[in-house]
Every structure is written in structure tokens, then in C-alpha cells.
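Chain by chain, the residues:
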Amino acid sequence: MTAFCVMKLLCQATRNENRYAKRFFGALLTQTPQKRVFSPFWMVVPDPEPRKSMFGLTQPFCTAEKSHTEPKRKAAFGSVGRRIPYRILHVINQDGESLGNMHRAEALKLMDQHDLKLVLLRENAEPPVYRLMTGQQIHEEQLKRAEKKKASPKPGVVQKELSFSSAIAKNDLETKTKQIAQWIEKKYHVKVTIRQAKDSNTDMFMLFDQILETVSGKATYLSKPKVTREGVSTCILRHMSDRELKAYQKMEKQKNCTVKKDENEDLKSNELHQ
């Protein structure tokens, strides 16, 4: 009789357990998946040494996948080698002449035949534009782009512009130079443009050096004088950094010491001759 009662209780417990399990898992399956973020909690971390344990705060985690969408960086100008993701290209030869659209295999064949390099010019065009260039052409273009980037004002930097003729009068040039000095004091970039006058033989590059000489203790070239188009030259001046100012002052001090030393030697030689 006792055994029968025990068996009955065991069967009832098993039925109850199955019923509760079905109810629990059924509720879970009918729920829609949601992003759940679990707060940090304390847990016991076992220590290798016996009879010791320590508590550590675990990091919160999320069941949702994190999507990191990084902005696409602009590729540096240079040879792309043989890594061309596009099937059809518009190709320009080393002389700047268009060769039309062609399959990338043909472009690579031309590159190998003429011992040239393939450079991406415009990726957003349809189809993308590539140019065949020599190593020297690539190097020169990289220098041009670096100079242009260097000359362009940085965010937050004020750039002032000043333009005048090479036939400028002495008094007017002094006024312009004082204005440049004031802007340099405020750490502005100053773009100076000089136009070659028709009846003037003044060297524009000498004028640039003359302007720099008047502010040599404060300013230096950000972009050296260059001819932008026929009869027009430009340069950009900027304030010296603290490191450049210290180097300039040290150089001037050494120069003054050398001049004084030479003067003392001249005086001594004159006294001996007398």
C-alpha cells in the first residue's frame, strides 16, 4: 500500500513538472525578440588560493549587435597597383589624352606594356576615371597636392588677403607692410598677391623678400612665393611657432656675437698699425 502511494505521488509530480515547463517555454516562444540591456551585477570570482574569494563588478552587455558605420576615408593619391574593384574604367594616358572606356584587364595590360602605374583620379564618375602615369609624374602631383593642402587655411584660422602692383610707391609699400605686421601679430595667415606692372622691371620675388624682412622676427613663409599665372605671383605668410622664434633668436644672437667679434678684431688690427 505504501509503495502504491509513493508511485502515485511521483507520477503526479512528474505531470505537474511537465505542465509548468510547457507553460514556461511556451510563453518564451510567443514573445517577440527585444533588445535587452542587462545592468551590471556583482558576482563571486574564485581565487586560486584556497579559502579565498573576491567580488568583482561585471561589465554590462547588450544582446543587440552594435553597428559601427565609419565614414569612408579618402584614398591617398598614388598607384593603386593591380587592385581595381571596378570592371569598366575610363582610362587617360600619361600625356593626358583620353583612351575611352575599357575593361580593367585591358588597362592592366597597357600598364604592363608601357611600364606605367595606374592612378585613380575620380572614383565617383561613371565609369571611374583612372590615369596611366610614370613614377616621376606621381611624385610631382603628390608634391603639388601637399603644397596646396599646406596653403589652404586650417579650420579656425583667419586668412587675410592683400594685393598690389609691383610699381607700388615706397610709402604705400610701408603702409601695406605695417598692415601685414598687425595681422601677423594677431596670428592671422596673410596671402600677398603682387601683379607685374606693364612698365615696371621690379622683381616681384625681391618684393616678397623685402616684406618678409620687415617682419622677419615674427613671420615666415607658409607658402613660398610662386607664379600662379602670367604676371601674378603669390605667397602666404604666417606667425612663427614658439620653437621657430627661439631658433631665430638664437641665430640672431650668434650673428650679433660674430659681428662684434669681427669689429673688435678690426679695432685691434688698426691699433697695431698705428
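Residues numbered from 1 in each chain as written. Predicted model: local features only at pLDDT ≥ 70, side-chain atom pairs only at ≥ 80, totals over all residues. Heavy atoms only, no water.

J.: Is there a simple way to explain helix 2 (residues 104–113) in this structure?
T.: Burial in helix 2 covers these residues: A107, L108 and M111. All buried residues of helix 2 project into a common sector of 95 degrees when viewed along the axis, lining one side. Summarising the geometry of helix 2, the exposed residues directed more than 90 degrees from the buried face are K109 and Q113. Buried residues in helix 2 make contact with strand 5 (88–92), strand 6 (98–103), strand 7 (117–122) and strand 8 (129–133). Looking one or two residues beyond helix 2, the residue adopting positive phi is D115, at roughly 55 degrees. (Buried < 20%, exposed > 50% of the residue type's maximum accessible area, 1.4 Å probe, protein only. Helix = DSSP H or I, 4+ residues; strand = E, 2+ residues; numbered from the N terminus. Arc of directions from axis to C-beta. Contact = heavy atoms within 4.5 Å.)

J.: I tried to follow the nonpolar core on my own but got confused; where do I start?
T.: One recurring pattern in soluble globular proteins is that nonpolar side chains are buried together. Core analysis: the biggest nonpolar cluster contains 21 residues, and F164, I180, V192, I194, I211 and L237 have the highest contact counts within it. Broken down by secondary-structure element, the contributors of at least two residues to this core are strand 9 (159–165), helix 4 (170–185), strand 10 (189–195), helix 5 (204–214), strand 11 (219–229) and strand 12 (232–239). Apart from the residues lying within four places of it in its own chain, the contact partners of V192 are L162, F164, I180, F208, I211, S233, T234, C235 and L237. Within the second largest apolar cluster, twelve residues are counted, among which are I84, M102, M111 and Y130. (Core = buried A, V, L, I, M, F, W, Y, C linked by side-chain atoms within 4.5 Å.)

J.: When you look at the sheet that holds strand 8 in this model, what are you seeing that I'm missing?
T.: Within a sheet, neighbouring strands are paired by backbone hydrogen bonds and run either parallel or antiparallel to one another. Spatially, 6-5-8-7 is the arrangement adopted by the four strands of the open sheet, whose pairing is mixed. The open sheet has two edge strands, strand 6 and strand 7, and neither has a second partner. Neighbour-to-neighbour, the strand axes of this sheet turn through a mean angle of 35 degrees, independent of strand direction. Judged from the five bridges that link them, strand 5 and strand 6 form a sheet pairing that is antiparallel. Among the inter-strand pairings, I88 is bridged to a residue of strand 6, identified as H103. On top of the sheet, helix 2 reaches strand 5, strand 6, strand 7 and strand 8; it is set at about 125 degrees to strand 6, its chief contact. (Pairing = 2+ DSSP bridges. Axes fitted to C-alpha atoms, helices over the stretch in contact; angles between N-to-C directions.)

J.: Any chance you could explain the environment of Y86 here in plain terms?
T.: Within the secondary structure layout, Y86 lies in the loop between strand 4 (61–62) and strand 5. The partly exposed category is assigned to Y86, whose relative accessible area is 25%. Between the C-alpha atoms of Y86 and R104, which are 18 residues apart in sequence, the distance is 7.2 Å. Look past the residues within four positions of Y86 in its chain and what remains in contact with it is R104, E123, P128 and Y130.

J.: So what exactly am I meant to see when it comes to the packing of aromatic side chains here?
T.: Working definition: an aromatic ring pair is given by the centre-to-centre distance plus the angle between the planes. Summed over all chains, the structure comprises one aromatic pair. Considering the side-chain rings of F205 and F208, the 6.3 Å spacing of their centres and the 70 degrees angle between planes classify their relative orientation as edge-to-face. With F205 and F208 both in helix 5, this residue pair falls three residues apart, about one helical turn. (Phe/Tyr/Trp six-rings, centres within 6.5 Å; stacked < 30°, edge-to-face > 60°.)

J.: Even after reading the chapter, I still don't get the side chain of N93, so can you show me in this structure?
T.: Here N93 shows up in the loop between strand 5 and strand 6. A polar contact is formed between the side chain of N93 and the backbone nitrogen of E97, at a distance of 2.7 Å. In contact with N93, not counting residues within four places along its chain, are L99, R131 and L132. (Polar contact = N/O pair within 3.5 Å; in protein donor to acceptor, adjacent residues only side chain to side chain.)

J.: Before we go on, may I ask you to explain the confidence of the model for the chain in this structure?
T.: Residues shown with low pLDDT carry predicted positions that ought not to be read at fine detail. Of all residues in the chain, 65% have pLDDT values of 70 or greater, and the mean over the chain is 76. Long-range and interchain partners of residues 50–57, a stretch whose pLDDT sits below 50, account for 17 contacts in this model, where long-range means more than four residues apart. The model gives residues 60–71 a pLDDT under 50, and that stretch makes twelve contacts with residues more than four places away or in other chains. (pLDDT = per-residue confidence, 0-100.)

J.: Help me understand unusual backbone geometry, please; the structure alone is not making it clear to me.
T.: Note: most peptide bonds trans; most residues except glycine with negative phi. A cis amide bond, omega -5 degrees, links E126 with the succeeding residue P127. Along the chain, P127 turns up in the loop between strand 7 and strand 8. Not every positive phi belongs to a glycine, and D115 is a case in point at roughly 55 degrees. Its place among the elements puts D115 in the loop between helix 2 and strand 7. Phi at K187 is positive, roughly 65 degrees, even though this residue is not glycine. Tracing the backbone shows K187 in the loop between helix 4 and strand 10. The class of K187 is exposed, set by a relative accessible area of 55%.

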